[in-house]
Each structure stands twice: as C-alpha cells, then as structure tokens.
Amino acid sequence: MTDRPSSAFETWRRGHGPIVHSDQTVERIGRLASDRRFDPEKLYGLLAAADRLACAAMWTVVHMTYARRVDLSGAPLAREDFKHSPEGHTGGSLNMVPAFVGYLAANALSAKTRSWVMGQGHCVAAVEAVNALTGDVSPAQKGRYDRTERGLSQLAADFYSYAIDAEGRPAVPIGSHAGPNTAGAISEGGYLGFAEVQYAHMALPGESLVAFLSDGAFEEQRGSDWTPRWWRAEDCGLAIPVMILNGRRIEERAQIAQQGGTGWLETHLRLNGFDPIVIDGRDPAAFVWAILTGEGRLEQFRDSPDRRYPAPVPYAIAETVKGFGFPGAGTNAAHNLPLGGNPSRDEAARHAFNEAARALYVSPQDIERSVAALATHQAQGRPRESGHPLAVRHPAAPSLPEPRWATLDAPADCAMHALDRWFVRVVDANPQLRPRVGNPDELSSNHMGATLERLRHRVNIAEPGIAEAKDGAVITALNEEAVAGAAVANKGGINLIVSYEAFAMKMLGGLRQEIIFARRQREVGHKPGWISVPVVVTSHTWENSKNEQSHQDPTIGEALLGEMSDTARVLFPVDANSAMASLQSVYKGRGQVACIIVSKRDMPNLLDGAAAQRFVATGAAHVEGDPAAADFQFVAIGAYQLEEALKAAERLKARGRRVAVTAVCEPGRFRIPRDPLEAAFTATDEELAKLFPPHLPRLIVTHTRPEPMIGLLRRLDGGPLRTDARGYVSRGGTLDVAGLLFANRCSWAHLVDGAATLAGWPRDGLLTPAERAAIDGNGNPADLKTPGK
C-alpha cells in the first residue's frame, strides 16, 4: 500500500459528527488510494467533503421533519420555530443520506455520472436535502431551494405543508415521495418492491446505474432475487444494487432481521447468484468503495471471454441502524417521528432535537468547501446527477412498417396472430431499440409464436428444441409483476407485455406507478420521452368462458380507465386490423401505458386498414347503419360485444327497425375530461354528437362491467329511460362463450329485448316465444344460438 497523504487522510480519518470510519472501511479506501487512477490527496479530500455534506444533509432532513426554519449559525431553535404537526419518513431518509452522498462522491471520483433509482421513495427528504445543498435542483425548485438560510428554511417549511393552489394541485414543488420535481428522480417509489424487479433492465450498454433498495421492500413480490438471471453483458449497462439494511419496517423488525440479519441475507444472495458485499451503511466512503468495487467486478465479468451466466452481480448490503444520527435510532418510532414528543410543545423533545442537530451541524463555510469539492461536472465534462441518462430518456421514434392489412373479404383472422406478425416486423425494423417482452409463461398459447421464435425466452442455459436463448429478449416467469417490470423499465427500447386478462390485475400496482409518475411529469411541463408501453391482455373474460371465474375478470381495463386517459389508455380493437392499428398508435406515443384488450379467437374482418386507423384515431366508428337516420343505437365496446350487437341489429332490421351499431375503441376519449391535459385528449362536444346523436336511445354493451362504463360515458347517457348498459355482471363458471354471454345478459336476444324497452317497441314482435322464454329464465338458452330472421 502507498504512503497515505497525512493531511487529507487524517482529516478524513477523524470523521465528522456521528460519521466515523471503521478499520475495514479505512483499509478498503486505502486500497482505492493505491489505485493509479486516483490521486490519494484528492481522494481523501473528496471523502472528507462527503462526510461534511452528509452531516449537513442529515441536519437538513431532521429540520424538514420538525422545523419551520433553519438557523445556519447552529443556534438552538425555539418553541415557535417548530412545526405544530411534524411529519416525515425521518429514519429511512437519514439512512439514505450517506448512500446518496456516497453515490455523488463515486461519480466525482470516477468522472462518470451514473443513473440512480430509489425504491424507497418515502426517503425523498434525503435526496431533496442533498440536492438543495449542492444546488442540483429541478426547474420548479430553482430560486426556491438552495443552501442559503432562506432556501433551506423554505425547504423545511414546504415539506409536508399540504399547500394547495386554486386549481387543487400541490402548491409546493416537494412531496412525501420522489416526484417529478425531485431532480433526477425516475420513479415515485411509493409501491415498494418494483424498483427491485426493474433495475436489471434499466441501463443500456455503456451506462451505469446505482439502485437504492430497502430491506423492507425485500419482502414484497418475487423477482428481486432474479437479477442474475436477466442481466447480460451483451445488452445491459452496469447495475449495482445497494440495500439499506436498517433492520426495521414500520411496526417491527424486517423479515431479514428476523431470519438472521446480514449473514442470512449474504447466504440467500449467493444462492441466487449475487456477489454480496457488506459495508458500513453509516459511512459515505463505504458506499463509494462499494459502487466502484462492484462496478469493477461486473466489468471484469463483462469483459471476460469465458463468462458464464448467471452473472455474479455485486450486491452491496449497507448495514446501519434505522434513523442513525438522531435520537430514537433503532426503534419503531424512527420510521416517522423518532423524538419522544413534539418539540413545539415538549421541552424535552426540543432539547433532544437541538442537541442532535448540534452534533450534525456543519458551518456554511464548510458546506461551501464540500460542495465545491464534489462539483466536478464541468471540469470532467459530465452532466449533473439530475441529468443522468435514465432521467432524460428520449429514444428516436421507432420505424413502424405499414401493417399488412387484411381485406374485408379475407377469411376470419386471429387478432393476436396479426399483432404477433407485425410486432416481429417492428423489432426487425428497429435494431437500435432493445426489445423486452414481459411474459407470464403463455406467449405461445396467446398466439404470439412468431415473437417467441424471433426473441426467445431469456435463460442461462438453453434447452434443446425449445425457443430459449442466453440473449433472449422474452422475460418469462410466472410472476406478473416481475415480467411487467422488465418491460416498463426498458425505457430506452421497445416493449410489449402480454398476459391473460384476469391475471394482468397482478401487474396493476407497478403499471399505476409508471402512469402516475409520467402524468405528474406532464403536469409540471416535463413530458416523459420513453416510447409508450402496450399491455396486451388476451384469453380475456369472454373467451375464457371455458375456465372458472378466476379467469373471467375485466378489472384491469376498468381500473386503468380510472386513471387519466391521456396517460393510461385502454383500447378495445374489434378485429385483426384494428388490433394492429391500436398497437401502431401506442408505439407512436410517448410516456403512456396502454392496455389493449384483444381476442385470440378468429374474428371476421370488419374494418379495412384505413378504417381501422380512423377507428383508433377517433376512438369510435359506425359499423352498421347511420345514426343520423336510425331510431336506435347500439354502442359496442369489445369484439365479442360488437358481434352480439350486429346480431341484434340484424334481427331488428329484419323486423323493420332502423338501427345503427357503433363500435368504441377507446372509451376514455369520450369521458368528461377532468383537467386541461385530458380535455386535449378527449372528443369535443361536436365530435361526440356526430358519433352519438343526443336524441337517440342507445344501449351500451361492454366487455367490462356495465356500471363503471356507463359512469365513464356519462356524456352519452340520456338518462335511465333512454340509455342502458349491459356487460359482465360477475356471473360465470365453466361455460362456452354463448353460455357466458347468456349468463351475463349480453346475448343478442338480451340486447334486442333491451332495445325494445328503451325504444318503446313491443318485444313480442321482435323475439319468438321460445326466445322470450329463454331470456326470461323460463326456457332453453340453446334457443338463442342464432338470431335468424
């Protein structure tokens, strides 16, 4: 080992405030100092600056929770300086500070800006405090938060202020979790466990990522221990997971602590292919060493011609105590409010706060020197951390080959087969876009065989005769959250998720986190740049009639229709052409998640290519008749529903009634918009009236449950005497398609009967006695097999 520079080394070795350096960390940093890449004097000087910045940030964090203002002189705060109702995820945020500062220091030391993601988004105070101190804040925060007394006081006052503006939006650019105003944030991190299943798929080759994870989230959905299965040197950037192992959740010890702590976790990680590295989670220098050492090991594996998968992905385990550096550390109270009382009312709590703050205090002069030591971006020609690669993702628009449209006289076709064929062409036309297909094990049965053959299941060792490959782009596991995470994480590429409709519900939390973060970005004027992600749900409710009710569930579309429709799209194509047009439309978009409900049974071709594109662009199309000349309108949402509506219209026309059938592809386009962004996406009143004349009685027949859909389509609703809705009413079992339609009162005969009621037509002239008996529950459902004349 080289001689250590006495002045810089000794300054660092003494630590600062509660930060001390263990013998192990000193020895590890000594090995870094002997590396020819680094100047030892600068290395130790930078680490000493990191200690001071970390203490200043921890000091800021506790003020954000408890105080209305800060005093940069270090003087004790008085009763009136404290919040009446303090709030903050204080313990976890205190633990994140050394980690985030260590990340900054590793970047400065190696002259490389790595991307970062934080799974525990409730620890945002750590990031916001560090950003305010370094000056790397978001546009909305510039001029409001900085390292002056005024700027830090404003930060503390705004945190959990619940301020709201006249439009009902948050009036301050900081929230309880990471948000679009958190400089560099790419995920809210409110749904724990999703960063864990995503980070392996985030960085592109040539990039580096540090993923901050929590021991509590380790207990969430499966997939966090599968990174070595998915990471490939050929198409992935470097990714270093860092777990903050503080041993506690909100009410008790984390499961890792109960299982045996660090030793148990090390064994578990090794069994799953990781290369665990245990560090002191209270020391920024330990994080620097872990990031640089972990990257070095992964680079060595990447560059080896003899590499074998699974990859031994380095995994840093940062041992710490929840709430380290402040009273209450290591207790359940540390999660939120670690002091035993409220400093605005309790003298003992006030004294404890001031004493702890004094131990963390760093003078403004030392803060300036520390920030300057880390502010190497311009000299090193690299972006600031707020502009890391993942934060500014905006791949070039994909080349979308013209679909091979079916003609109307062509034989009935499977919409999933059509999607399959076109998606392979899209992948082939865009070699610059890394593909990811999220697949919960049913790609072939869902008629995506060409996609599977082209991209293949990603495995460590391929089984002969099976569509598997080491470099496969199909991420397959019987875990919907994990495979969906692979697709939504791949924001530099092109993605597809395919699932049974019923089981896509298990993806909802992860999808919603992407949706709400992207929507918030739009709201603050920072439009997301990633290519929109389609979630194709098939083997859907109506064609899964053959299976029990667990397989008959349209909730995923209903739930996503509850989100803002400009960001969460829900589409119901009715044939092969409109399915391809729907997918084409999604890939033309940015920052959206789109659920496409697609039938895999062969269906007749109802729309030619141009009509299918208009159907998707407009959101609806007339399939039969002209509403302007009709006495009644069926509104069909879904392929099976359109099929029954056309049968009903055939019967009514045969009985001399003038009927129009209108198919809706995207119901969200016809909702009452809830804000200007959604209003720009929805149809105008004039456009709506052309499609759905206000004078017509109409029956809506929907793939979903009827109640949420008729609520969504309030603009089409002429009241209960003129408008009704039919759909899935949670009746099912092991049936055929006709049986499931009958059970849910959605057969063509039920639609004829509903039309008669709304239009005031006598039902006796529209349905035969046997048909009336069947729908009244007194006859044989088999009498409804065909509408006849």
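This section reports on the structure supplied with the text. All of these numbers come straight from a predicted model, not from anything done at the bench.

About the thresholds
The numbers attached to residues start from 1 for each chain and follow its sequence in the written order. Only residues with pLDDT of at least 70 get local features here, since the model is predicted, and only at 80 or more are side-chain atom pairs given and counted; chain-wide, interface and lining totals rely on the full set of residues. Hydrogens and water molecules were not included; the side-chain quantities draw on all heavy atoms of the structure. Working definition: helices are DSSP H or I runs of at least four residues, strands are E runs of at least two. Numbering for both runs from the N terminus. We compute the radius of gyration over the C-alpha atoms and compare it with the globule rule, which gives 2.2 Å times the number of residues raised to the power 0.38. In this scheme, a residue with accessible area under 20% of its type's maximum is buried, one over 50% is exposed, and one in between is partly exposed, where area comes from a 1.4 Å probe on protein chains only. Areas reported here follow the Shrake-Rupley algorithm with a probe of radius 1.4 Å; residue values treat only the protein chains shown as occluding. Under the counting rule used here, the positive set is Lys and Arg, the negative set is Asp and Glu, and His together with the chain ends is not counted. Here the site of a charge means NZ on Lys, CZ on Arg, CG on Asp, or CD on Glu. We define a salt bridge as a side-chain nitrogen of Lys or Arg found within 4 Å of a carboxyl oxygen belonging to Asp or Glu. Centres within 6.5 Å are what make two rings of Phe, Tyr or Trp a pair, Trp counting through its six-membered ring; a difference in plane orientation under 30 degrees is then read as stacked, over 60 as edge-to-face, and the rest as tilted. Whether a charge sits over a ring comes down to the Lys NZ or Arg CZ being within 6 Å of the ring centre and within 35 degrees of the ring normal. In short, DSSP must find at least two bridges between two strands for them to pair. As used here, the arc belongs to the directions running from the helix axis to the C-beta atoms. Contact definition: two residues touch when any of their heavy atoms are within 4.5 Å. Both site types are read off a 1 Å grid over the protein atoms alone. A 1.4 Å probe that fits but cannot get out defines a cavity, while an open set with protein on both sides within 12 Å along at least five of seven lines defines a pocket; lining residues have an atom within 4 Å of a point. Grid points are joined across faces, edges and corners, and a volume is the space filled by probe spheres set on the points. The nonpolar class holds Ala, Val, Leu, Ile, Met, Phe, Trp, Tyr, Cys and Pro. Asp, Glu, Lys and Arg form the charged class, and all remaining residues, Gly among them, are polar. Helix axes are fitted to C-alpha atoms over the stretch in contact, other axes to C-alpha atoms as well, and angles between N-to-C directions run from 0 to 180 degrees. Residue types Ala, Val, Leu, Ile, Met, Phe, Trp, Tyr and Cys, when buried and joined through side-chain atoms within 4.5 Å, form a set referred to as a nonpolar core. For classification, angles of less than 35 degrees are called roughly parallel, those exceeding 145 degrees roughly antiparallel, those between 65 and 115 degrees roughly perpendicular, and all remaining angles oblique. When the near helix sits turned anticlockwise from the far one by under a right angle, the crossing is termed left-handed; a clockwise turn instead gives a right-handed crossing.

## Description of the overall build of the protein chain
Counting secondary structure elements, the protein chain contains 28 helices and 20 strands. In summary, the protein chain has a C-alpha radius of gyration of 30 Å against a globular reference of 28 Å for 789 residues, a match within 12%. In terms of its C-alpha atoms, the protein chain occupies a principal-axis envelope of roughly 100 × 65 × 45 Å. Within the span of the protein chain, comprising 789 residues, buried residues form 61% of the whole. Only carbon and sulfur atoms are counted for the fraction: they give 51% of the accessible area of the protein chain, which is about 28,500 Å². In the protein chain, 85 side chains carry a positive charge and 91 a negative one; their mean positions are 2 Å apart.

## Here we look at unusual backbone geometry
Excluding glycine, residues mostly have negative phi values, and the peptide bonds linking residues are mostly trans. With an omega dihedral of 15°, the bond running from Tyr-309 to Pro-310 counts as a cis peptide bond. Tracing the chain through its elements places Pro-310 in the loop between helix H11 (284–303) and strand S5 (314–319). In the Ramachandran plot, His-447 falls in the positive-phi region, its phi being about 65° despite a non-glycine side chain. Topologically, His-447 is positioned in the loop between strand S7 (435–439) and helix H16 (449–455).

## Thoughts on the pattern of salt bridges
Scanning the model with the defined rule gives 49 salt bridges in all. When the shortest N-O distance is used, the salt bridge between Arg-436 and Asp-235 registers 3.2 Å. Remark: Asp-235 occurs in the loop between helix H8 (227–230) and strand S3 (238–245) and Arg-436 occurs in strand S7; sequence separation between them is 201 residues. There is no split in this pair, since Arg-436 and Asp-235 are both buried.

## Examining the packing of aromatic side chains
Applying the stated criterion across every chain, the model contains 25 aromatic pairs. For the pair Phe-159 and Tyr-160, a centre-to-centre distance of 4.9 Å together with 80° between the ring planes defines the contact as edge-to-face. Assessed through its relative accessible area of 2%, Phe-159 is described here as buried. On the basis of an interplanar angle of 85° and a centroid distance of 6.1 Å, the ring pair of Trp-542 and Tyr-728 is categorised as edge-to-face. You can see Trp-542 sitting in the loop between strand S12 (533–538) and helix H19 (555–561) and its partner Tyr-728 sitting in the loop between strand S20 (723–726) and helix H26 (737–743), a full 186 residues away along the chain. For the pair Trp-542 and Tyr-728, a shared accessibility class is recorded, and that class is buried. A network of ring pairs unites the aromatic residues Tyr-66, Phe-82, Phe-326 and Phe-353 as a single cluster. Sitting over the ring of Trp-289, Arg-28 keeps its end group 4.0 Å from the ring centre.

## Description of the pairing of strand S13 (residues 568–571)
The alternating pattern of S13 places Ala-568 and Val-570 and Arg-569 and Leu-571 on opposite faces, both of which are buried. Sheet topology places S13 next to strand S14 (residues 593–597); 4 bridges connect them, and they run parallel. Residue pairing for S14: Leu-571 is matched across the bridge by Ile-596.

## Describing helix H21 (residues 609–618)
For H21, every residue scored as buried is listed here: Gly-609, Ala-611, Ala-612, Phe-615 and Val-616. Mapping the buried residues of H21 onto a view down its axis gives an arc of 165°, with all of them on the same face. In H21, the exposed residues that point more than 90 degrees away from the buried face are Arg-614 and Ala-617. Of the surrounding secondary structure, the elements contacted by the buried residues of H21 are S13, helix H20 (576–587), strand S16 (620–624) and strand S18 (659–664). Positive phi appears at Gly-619, one or two residues downstream of H21, with a value of about 100°.

## As for empty space enclosed by the protein
For the structure shown, the criterion picks out 9 cavities of 30 Å³ or more. In this structure, the largest cavity occupies an estimated 130 Å³ of space. Considering the residues around the largest cavity, the lining is formed by Phe-100, Leu-104, Asn-131, Thr-134, Asp-136, Val-371, Leu-374, Ala-375, His-377, Arg-382, Arg-384 and Glu-385. Across the lining of the largest cavity, the residue classes tally to 5 nonpolar, 3 polar and 4 charged. If you add up the space inside the second largest cavity, you get close to 80 Å³. Lining the second largest cavity, in full, are Trp-59, His-63, Asp-71, Gly-74, Ala-75, Pro-76, Leu-77, Phe-353, Asn-354, Ala-357, Arg-358 and Tyr-361.

## A word on the sheet that holds strand S1 (residues 115–118)
Pairing is parallel across the open sheet formed by 5 strands, whose spatial order is S1-S2-S3-S5-S4. The sheet terminates laterally at S1 and strand S4 (275–280), the two strands that pair on one side only. Strand-to-strand, the axes of this sheet are offset by a mean angle of 20°, without reference to chain direction. Bridge count for strand S2 (residues 208–214) against S3 is 7 bridges, and the pairing is parallel.

## So, the environment of Ile-466
Here Ile-466 lies in the loop between strand S8 (457–458) and strand S9 (468–469). According to the relative accessible area criterion, Ile-466 is partly exposed, its value standing at 36%. Separated by 13 residues in sequence, Ile-466 and Glu-453 place their C-alpha atoms 9.1 Å apart.

## Details of the side chain of Glu-678
Structurally, Glu-678 is set in helix H23 (residues 676–681). Assessed through its relative accessible area of 0%, Glu-678 is described here as buried. Once residues within four sequence positions are removed from consideration, Glu-678 is found in contact with Arg-519, Glu-563, Met-564, Ser-565, Asp-566, Arg-671, Ile-672 and Pro-673.

## A closer look at the nonpolar core
Proteins that are soluble and globular tend to have nonpolar side chains buried together. Grouped together as the largest cluster of nonpolar side chains are 92 residues, with contacts concentrated most on Trp-12, Ile-29, Met-96, Phe-100, Phe-212 and Phe-353. Top contributing element to this core by residue count: helix H3 (residues 40–66), with 17 residues. Among all residues touching Phe-212, those that are not within four sequence positions of it are Met-96, Ala-99, Phe-100, Tyr-103, Trp-116, Val-117, Met-118, Gly-119, Gln-120 and Val-242. Core analysis: the next-biggest nonpolar cluster, separate from the first, contains 68 residues, Cys-414, Leu-452, Ala-467 and Leu-583 among them.

## Considering helix H17 (residues 480–489)
Where burial is concerned, most of H17 is hidden: 10 out of the 10 residues are buried. Those residues of H17 that sit buried are Glu-480, Glu-481, Ala-482, Val-483, Ala-484, Gly-485, Ala-486, Ala-487, Val-488 and Ala-489. Where H17 is buried, its residues meet helix H7 (194–198), S7, strand S10 (474–476), strand S11 (494–500), helix H18 (508–523) and S12.

## Quick look at the packing of H3 against helix H13 (residues 364–374)
It is the contact of H3 with H13, at a shortest axis distance of 8 Å, that shows an interaxial angle of 125°. By the angle between their directions, the pair H3 and H13 is classed as oblique. Where H3 crosses over H13, the two elements pack in a sense that is left-handed. The segment H3 lies against H13, with Leu-46, Ala-49, Arg-52, Leu-53 and Ala-56 engaging Asp-366, Ile-367, Ser-370, Val-371, Ala-373 and Leu-374. Taken together, the residues that form the contact of H3 with H13 break down as 8 nonpolar, 1 polar and 2 charged.

## Focus on the sheet that holds S20
The strand order S16-S18-S17-S19-S20 describes an open sheet built from 5 strands, whose pairing is mixed. Only two strands of the sheet have a single neighbouring strand rather than two, namely S16 and S20. Averaged over all neighbouring strand pairs, the angle between strand axes comes to 25°, with direction disregarded. In the sheet, strand S19 (residues 698–702) pairs with S20 via 4 bridges, with the strands oriented parallel. Each residue of the ladder has a partner; that of Arg-698, found in S20, is Thr-723.

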